Amino acid sequence: MLSGAMEGWTESDAARALVGADGNVWNANDAFCALVGIAEPALCRLGWRRLVHASDRRYMAAHLVEVLAGSARREFDIRLMPPDGHELPARLSVELVRDSDGRHGRFLMEARAT
C-alpha cells in the first residue's frame, strides 16, 4: 500500500505516472497517456528511460537522487520523446511515494507541456 499522495491520482487532470527506481512505468493516468501519445499498456512496456531525451537522462537522474536523499519534491524542465519522435518540452515534478512501512516506493511524476 502506497502513501496518501496517491489518493485520486489516476482521476486527476494533471498528467501523472508512477515510475519505479528501475525506470519501469507502473501506472499512468489518462492525462499522461494523452500528453505523450501512447496508451498505458504500451507505456508500461516502453519504460521511462525511452521517454526521456538521451541528453537529459543524467540531468534527470541527478534530480531523482536528490529526491531519494530526502528532497520532498523536485521540479525541473526536461524533454520527453513520445514514440512519434518529436521533442516535447515539459516541466516535470517528482516526489517519492513511500509504502505504508515508510520504505521507498516509487516516484510519482507529474508532467506539464511547456
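Just so we're clear, the structure is a prediction, and the values are computed from it rather than from any experiment. (Residues numbered from 1 in each chain as written. Predicted model: local features only at pLDDT ≥ 70, side-chain atom pairs only at ≥ 80, totals over all residues. Heavy atoms only, no water.)

Colleague: Can you lay out the overall build of the protein for me, pointing to particular residues and giving the numbers?
Modeller: When helices and strands are counted, the protein shows three helices and five strands. Order of helices (α) and strands (β) in the protein, N terminus to C terminus: β-β-α-α-α-β-β-β. Within the protein, buried positions represent 39% of all 114 residues. For the protein, long-range pairs separated by at least 24 residues make up 41% of all intrachain contacts whose partners lie at least 6 apart in sequence. Accessible area for the protein stands at about 6300 Å²; split by element, carbon and sulfur atoms hold 49% of it. (Helix = DSSP H or I, 4+ residues; strand = E, 2+ residues; numbered from the N terminus. Buried < 20%, exposed > 50% of the residue type's maximum accessible area, 1.4 Å probe, protein only. Contact = heavy atoms within 4.5 Å. Areas by Shrake-Rupley, 256 points an atom, 1.4 Å probe, with all protein chains shown as cover.)

Colleague: Report on the pattern of salt bridges, specifying residues and quantitative values.
Modeller: Side chains that differ in charge, positive against negative, can pair when their charged atoms come close. A complete count under the given rule lists eight salt bridges for this structure. Measuring nitrogen to oxygen at the nearest pair gives 2.8 Å for the salt bridge that ties E110 to R16. With E110 in strand β5 (residues 104-113) and R16 in strand β1 (residues 15-19), this pair connects stretches of sequence that are 94 residues apart. For the salt bridge of E66 with R74, the shortest nitrogen-to-oxygen distance reads 3.1 Å. Under the relative-accessibility criterion, R74 is labelled partly exposed at 24%. Taken together, the shared-partner salt bridges connect R73, E75, D77, R91 and E95 into one network. (Salt bridge = Lys/Arg side-chain N within 4 Å of Asp/Glu carboxyl O.)

Colleague: Describe the packing of aromatic side chains, and please don't skip the residues or the numbers.
Modeller: Summed over all chains, the structure comprises two aromatic pairs. With a centroid separation of 5.7 Å and an interplanar angle of 90 degrees, the aromatic rings of Y59 and F76 are classed as edge-to-face. On the criterion of sequence distance, the pair formed by Y59 in helix α3 (residues 57-68) and F76 in strand β3 (residues 74-80) is long-range, its members being 17 residues apart. Residue placement shows R106 over the ring face of W26; its charged tip is 3.9 Å from the ring centre. (Phe/Tyr/Trp six-rings, centres within 6.5 Å; stacked < 30°, edge-to-face > 60°. Lys NZ or Arg CZ within 6 Å of the ring centre and 35° of its normal.)

Colleague: Please give an account of the confidence of the model for the protein that cites residues and values.
Modeller: Residues with a pLDDT of 70 or more make up 87% of the protein, whose mean pLDDT is 85. Across residues 1-5 the pLDDT falls below 50, and counting only partners more than four positions away or on other chains, this stretch makes 13 contacts in the model. (pLDDT = per-residue confidence, 0-100.)

Colleague: Please set out the environment of P82 residue by residue, giving values where relevant.
Modeller: Among the structural elements, P82 can be located in the loop between β3 and β4 (88-98). Along the sequence, P82 and L35 sit 47 residues apart, while their C-alpha atoms lie 8.6 Å from each other. Not counting residues within four places of it along the chain, the set of residues in contact with P82 comprises V36, L51 and L88.

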